[in-house]
Amino acid sequence: MASRALYSPRHPMLKKRDDFEDILEERRRSSDLRYALRCYTPTLYRGLVPCKASMLKSIVLQSDHLQYVIKQVSSESGESTEGVSEEASLILDEMAHCLQLSTIRFFAFTLSKAFKRLFRSVCVNEEGIQRLQQAVQEHPVVLLPSHRSYMDFLMMSYLLYTYDLPLPVIAAGMDFMSMKFVGEMLRMSGAFFIRRSFGGDKLYWAVFSEYVKTMLRNGYAPIEFFLEGTRSRTCKSLTPKTGLLNIVMEPFFKGELFDVNLVPVSISYERILEESLYARELLGIPKPKESTSGLLKARRVLSEDYGSMYVYFGHPVSVRSLAEGKINRSQYNLLPRYIPQKPSADTHEFLSDAAFRLVRIQEENMVLKPWVLIATLLLQNPDGLDLSSLAEQTDWLRHLALAFGAFLDWPDHEACSEVVSCSLALHRHLLSVSAGHVQLSVTDVPQVETTPEEAVFHQAVVVLSCASYRNQILHVFLRPALLAMAMQSANSNRKDDVYNGFNFLRKVFSNEFILCPGDSVQDFEEACYLLMKRGVLQVLEHEIVMSASGHSTLAFLSSVLDPFLQGYQVVCRYLCEETNENLTEKEFIPAVRSFALKLILAGRLKCYEALSSDLQKNALAAFLRLKAVRKVKVGDQVTLKVNKVAVNSLEDILGGKIPTQKPILARL
Amino acid sequence: SKRFLSEGLSVLSQQKSMVVYHLIYFAIGCYETAYKLGLSLSFRQEIMKWNGWGYSDSRFLFNKKGQAEFTGKRYRLSGLILPSLKDWFEGTFGANLQHKSPATVIAPPNLNEPFIEDLKAAGVAASHDPEDRVFRAHGHCLHEIFALREGRIGRVPDMVVWPSCHSDVEKIVELACKHNVCLIPYGGGTSVSSALECPHEETRSIVSLDTSQMNRILWIDEKNLTAHVEAGIIGQDLERQLNEHGYCTGHEPDSMEFSSLGGWVATRASGMKKNIYGNIEDLVVHIKMVTPRGVIEKSCLGPRMSTGPDIHHFILGSEGTLGVVTEVTMKIRPIPEYQKYGSVVFPNFQQGVACLREVARQRCAPASIRLMDNEQFQFGHALKPQVSSIFMSFLDGLKKFYITKFKGFDPHHLCVATLLFEGDRGKVLQHEKQVYDIAAKFGGLAAGEDNGQRGYMLTFVIAYLRDLGMDYYVIGESFETSVPWDRVLDLCRNVKERIVRECKERGVQFPPLSTCRFTQTYDAGACVYFYFAFNYRGLSDPVHVYEQVEHAAREEILANGGSLSHHHGVGKLRKEWMKESVSGVGLGMLKSVKEYVDPQNIFGNRNLL
């Protein structure tokens, strides 16, 4: 069933989503202490093998899989097996969580206080909770929340405690560990820590994967991890990682579990706590290392209003139904199951496909606030808008978004102007409002002299902060917007030409946005369908024709993606004009940034988003993928070799100077 | 069966009276020999059910008081009241009595007259009596029996021939080639792989070649401990006749009351005491088979040969696609001095499996060792006969108390292993101790000889139970696989769960019975049986649902590292997975053998390939 829901063509208007309930309401009415100390009796997995955290370690260390790898490593390195075992045990100590109910109770108390100060409401879809309750009993569960803030996993555990669900164990990055005390607190609340990179370390991988699998197989606790791997600084979903997904699916592939339930969870914030922090980070203003004192300084954060927070628990996706017809499980029949096996090409494809689809589910269930629409409009109008026209356009955009299936939380029975002014109030630090005119601008500029460069950066912080809200709705507009851009650059109305252009853009931007590999036809059809339904296009057998009234919609849509187009063009221009033979990978981002800065200062570029390191990184990844740039390892340095002809023609196509045609694509 | 005959005839006489007269003329008038033979030919047919399992006189029924009983005199359970069966039955499925009487229509035979003429001249017994034909048109798959009960019978053989010796078979095969008729060898008719089903695409006349008259032991060689036997002999007859000489083969498949030696060879059968005597491939020394190309056999009786790939292995498991096995030389053993049953209760299935694994590791498996899961244990309990005295009932209560309360076994988790030891008395007792000691390490408690014996008896009567089920809207069947030790538990759990899930998805209203047991252990794995039954009330096409679920279960077995079949064979039921199971090259090898041996596809049952 889950797979059917996952792969069915979307009918956005028909999709009914669950209602939300505010969990803070209850907290504001009754004692937090009593709440923290209340009787906690979670629903349990029916196949649970009861075991303590300490037992867990010895099960992992004794496992056939780990023993096998220990012997292998020992024979390869010449180290004694005892030595390697000891090493494995240390890795496990460094990694393992020690979930304690008392710590959870502590968090339940303090977080109640904190959440009440930070948020007006924390809204949860209770139907999702009920579905989860069911799923938890049937099969081991993997929770897959989106990742936008540090708050995410604290909130997840808090919610599961609130609803009497088993507390999850959470895969966390090692960087938390360096925060004294807090790291340990997190460990006691169920976090386990993974090194950020351990590429070739067989032993580490074995300990880690066996640890996760053991917890899953025994039904020890729901496993929680972030498909995106890290917090998205831009609020766009990140290209999912498949490593951990493979680990949690393998017990099913190998028949050790009948099924595994994957539960995508979408967490969205009306205002993100780390908003300006992220923007600075994207601009290369170094982020402070996670430290306890840093966290304490962040207390200032507590005094501000962050609006509402939404948590949507999606429908559990059964790995079994997901894999049906895609994974031939008998491929695991011929090797003892404790011997680690690299996923086959089929499995890889399946994992990546599944990961993309899960992230898309996360996106679709993300609650969007009116501000997201306003931010989109303000970014498109850098000189600002009159309040009345802003309200009018917001209303127009709202209907467009709804028609495209956006999960918009629009207050009932309130005038649009009212809604707009409420949103503006919450985000006033990004705006200047004077005489009924709204504009994105720097509000709390230090009055000291600023250099032109600093002024640009200040403005860029505002723009990128605002862009992080627009980015939340990008997934709704993405496909129609790609179509709109393709139509603009195609020199004919022929469907083939438009599709070629669409496909080209899709390829270029597939590091930037969540575009499932292999779905290009489906995406194209979806875009056509949505725009046709809106009366923007007429899709004939061989032609796509814009209707008379469609112009404004198409213009809006293509300008949604315009900053990305411009940003990529800047990167192209940089690669063509500025690079020498010895550009190292490390230098790339700072170099592009200063190139873009120069263009802005010279008035040749208006697009501040070109300064974003995220965009620059994605552009580089795309060019590498399209083979316009090559990585060459020289010593310990990686240098970038640029194929200037290819980059040049890329830039031309992006700029609309050359229509997309097959031969050019082939040349790339 | 009389009723059936008259019905069949009356139906036929309404439709094609000429054919019927011809048929009677053919069956009675023409062949005196056939008629004479007819008495003995139909002997088994007379005492066996035509639309269910086993002997006509043995069946389960609910008596007027609503208690279950097993009729007849043939089994230990016969004539006994089974007080708990009804509760179990209702608890598991929910029972509802409604019996449908069948209305049977059999298509007139498609006869190849020149073949019949030549056969007549050769003096081979034959018949196209509808009853004879229907009886040989099916094995015991659920869909086959269900169709018989519902009176919806598909293609049946057009005639039946009864060769009485090897040379008769040679003649028949030669004539079949000459006149291009399709031959389907028939032994005991206990196939559960659709192997006996007539392919509907077959346009030639289909002749069922019944080997039942080739049932003699030709010689016994006490020096080499071998016996030369005609392949049509039925298992229990072979065993009984050898016993009279003080010997046995020790080959005891669950179907041994009805299955034939030739059938065992053709399907790679396995007997419950294979730990001592071996499976059929270990037991045969020499095989003679008649193929369209001629007779295939080895030139000596040497115990082992290195003469290229063993040609016996083309024959073993060929499922009637290459020819007819006519004579087999088999190993025999002196009858064991002493036999002892036993049983062990384990706190849970995992422990039981661990014990079986350890027994296999130490290679000390008794003649038979089986392990049933909890659901099957409860079912076995339901088949416990009424106890004769208050004392016995008290004793039973005490046992139950001891196991569940004193030892802390959860009656919803415990499982039982049944054991059979064989050999000379001293060694048996020693062996027994060794096995019980191992069991104790895995928390096993000895649970008495009686429980063990009842476990084995269950094997023989369980097939009868399906007929009772069908009277009450319950259908079910068993299927088997073999699987390496490290995957057995996962496979059992996943397959059982898959069955439950598939039933639910297909609208089965009551939770199905989905249970398993281990019936054989090997060095590297075990043979596992699954029993699956459900109440089909509310389903428009229960057999189709059943087949879909079984199909899904088989997919699950294969995905979890189980084999396509341990000993039931492939037939037509599991053909679709052959390529996946033995690789394209493997299948090609088998096909090329078939191509060489039988280019005309005379043995056209279309099994296996």
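Residues numbered from 1 in each chain as written. Chains lettered and ligands numbered in written order. Predicted model: local features only at pLDDT ≥ 70, side-chain atom pairs only at ≥ 80, totals over all residues. Heavy atoms only, no water.

Take the overall build of chain A next. A count of helices and strands for chain A gives 27 helices and 16 strands. The globule rule puts the C-alpha radius of gyration for 668 residues at 26 Å, and the 26 Å found for chain A is close to it. Buried residues in chain A amount to 56% of all 668 residues. Restricting the contact set of chain A to residue pairs at least 6 apart, pairs at least 24 apart contribute 78%. Here chain A displays about 28300 Å² of accessible surface, and carbon together with sulfur accounts for 54% of that area. Charged side chains in chain A number 75 positive and 74 negative. The centres of these two groups are separated by 2 Å. (Helix = DSSP H or I, 4+ residues; strand = E, 2+ residues; numbered from the N terminus. Rg over C-alpha atoms; globule rule 2.2 N^0.38 Å. Buried < 20%, exposed > 50% of the residue type's maximum accessible area, 1.4 Å probe, protein only. Contact = heavy atoms within 4.5 Å. Areas by Shrake-Rupley, 256 points an atom, 1.4 Å probe, with all protein chains shown as cover. Lys, Arg positive; Asp, Glu negative; His and termini not counted. Charge placed at Lys NZ, Arg CZ, Asp CG, Glu CD.)

A tally of helices and strands in chain B yields 21 helices and 21 strands. Every one of the 609 residues in chain B was classed for burial, and the buried ones make up 58%. A separation threshold of at least 6 residues defines the contact pool for chain B, and within that pool the share at least 24 residues apart is 77%. Carbon together with sulfur atoms contributes 55% to the accessible area of chain B, which is approximately 25300 Å² in total.

Turning to the sheet that holds strand E12 (residues 294-296) of chain B, a few remarks are in order. Residue and element names in this part refer to chain B. An order of E8-E9-E13-E11-E12 is seen for the 5 strands of this open sheet, with the pairing classed as antiparallel. Across the chains shown, the open sheet's two edge strands, defined by having one partner strand only, are strand E8 (217-221) and E12. Ignoring strand direction, the axes of neighbouring strands in this sheet form an average angle of 10 degrees. Bridge analysis of E8 against strand E9 (residues 226-230) gives 4 bridges, and the strand direction is antiparallel. Across the sheet, the residue bridging to Ile217 is Val229, located in E9. (Pairing = 2+ DSSP bridges. Axes fitted to C-alpha atoms, helices over the stretch in contact; angles between N-to-C directions.)

What follows deals with the pairing of strand E16 (residues 368-372) of chain B. Residue and element names in this part refer to chain B. In terms of burial, E16 is largely enclosed, as 5 of its 5 residues are buried. The alternating pattern of E16 places Ser368, Arg370 and Met372 on one face and Ile369 and Leu371 on the opposite face, and all of these are buried. By the bridge criterion, 5 bridges tie E16 to strand E17 (residues 415-423) in an arrangement that is antiparallel. Paired with Leu371 across the two strands is Ala417, which belongs to E17. Relative to strand E20 (residues 513-521), E16 is paired through 2 bridges, and the arrangement is antiparallel. Across the sheet, residue Met372 finds its bridge partner in E20, namely Arg517.

This part is about the UniProt feature "active site" (unreviewed entry) in chain B. All names here are of chain B. What UniProt calls "active site" (unreviewed entry) maps, in this numbering, to Tyr529. Structurally, the position occupied by Tyr529 is in strand E21 (residues 525-535). By relative accessible area, Tyr529 is classed as buried at 8%. Tyr529 has contacts with Ser478, Phe479, Glu480, Thr515, Cys516, Arg517, Thr519, His567 and His568, leaving out every residue within four places of it along the chain. (UniProt positions renumbered as here; feature names shortened; annotations may be inferred.)

Turning our attention to the packing of helix H20 (residues 452-489) of chain A against helix H21 (residues 495-508) of chain A. All names here are of chain A. H21 packs onto H20 with a crossing angle of 125 degrees between their chain directions and a minimal axis gap of 8 Å. Taken together, H20 and H21 sit at an angle that is classed as oblique. When the axes of H20 and H21 are compared, the crossing they make is right-handed. Along its contact with H20, which presents Arg479, Leu482, Leu483, Met485, Ala486 and Met487, the element H21 presents Val498, Gly501, Phe502, Leu505 and Arg506. (Parallel < 35°, antiparallel > 145°, perpendicular 65-115°, else oblique. Left-handed = near helix turned anticlockwise from the far one by under 90°.)

Residues and elements named next belong to chain B. What the rule picks out here adds up to 73 salt bridges over all chains. Here Lys273 and Glu422 are joined by a salt bridge, their closest N and O atoms 2.5 Å apart. Remark: Glu422 occurs in strand E17 and Lys273 occurs in the loop between helix H10 (261-267) and helix H11 (274-277); sequence separation between them is 149 residues. Taking relative accessible area as the criterion, Lys273 reaches 4% and is therefore assigned buried. Judged by its relative accessible area of 10%, Glu422 falls in the buried class. (Salt bridge = Lys/Arg side-chain N within 4 Å of Asp/Glu carboxyl O.)

Another aspect to go through is the environment of B:His567. Residue and element names in this part refer to chain B. Within the secondary structure, His567 is located in the loop between helix H20 (542-559) and helix H21 (578-597). His567 sits 73 residues away from Asn494 along the chain, and the two C-alpha atoms are 21 Å apart. Contact partners of His567, with chain neighbours within four places excluded, come to Thr267, Arg268, Ala269, Ser270, Glu480, Cys527 and Tyr529. Among the polar contacts made by the side chain of His567, one reaches the side chain of Tyr529 at a distance of 3.1 Å. (Polar contact = N/O pair within 3.5 Å; in protein donor to acceptor, adjacent residues only side chain to side chain.)

What follows covers the interface of chain A and chain B. Between chain A and chain B, the contact holds 16 residues from the first and 14 residues from the second. Counting the surface lost from both chain A and chain B, the interface buries some 1300 Å², and carbon and sulfur atoms represent 31% of this. Where chain A packs against chain B, one counts 6 salt bridges. By residue class, the composition of the side of chain A that touches chain B is 5 nonpolar, 5 polar and 6 charged. (Buried area = accessible area lost by both parts, 1.4 Å probe. Nonpolar A, V, L, I, M, F, W, Y, C, P; charged D, E, K, R; others polar.)

Right, let's talk about the nonpolar core for a bit. All names here are of chain A. In this structure, Phe313 and Phe623 are the most contacted members of the largest nonpolar core, which totals 165 residues. The biggest single contributor to this core is H20, with 22 residues. With near-sequence residues (within four places) excluded, Phe623 lies in contact with Tyr568, Val571, Cys572, Leu575, Ala628, Val629 and Leu650. Membership of the second largest hydrophobic core comes to 61 residues, among which are Cys51, Ile223, Met249 and Leu262. (Core = buried A, V, L, I, M, F, W, Y, C linked by side-chain atoms within 4.5 Å.)

Below, the discussion takes up empty space enclosed by the protein. Residue and element names in this part refer to chain A. Per the counting criterion, the structure on display carries 12 cavities of 30 Å³ or more. Its boundaries defined by the atoms lining it, the second largest cavity holds a volume of some 130 Å³. Surrounding the second largest cavity, 14 residues form its lining, Lys236, Ser237, Glu363, Asn471 and His475 being those nearest its centre. Considering every element that reaches the lining of the second largest cavity, the biggest residue donor is H20, with 5 residues. (1 Å grid on protein atoms, 1.4 Å probe; cavity = no way out; pocket = protein on both sides within 12 Å on 5 of 7 lines; lining within 4 Å. Points joined across faces, edges and corners; volume = space filled by probe spheres on them.)

Turning our eyes to something else, we now look at a nonpolar patch on the surface. Judged by side-chain polarity, B:Leu218, B:Trp219 and B:Leu301 come together as a nonpolar surface patch covering roughly 260 Å² of accessible area. Looking at the element boundaries, B:Leu218 is found in strand E8. (Patch = residues over 30% accessible without salt bridge, like charges linked within 9 Å, V, L, I, M, F, W, Y side chains within 5 Å.)

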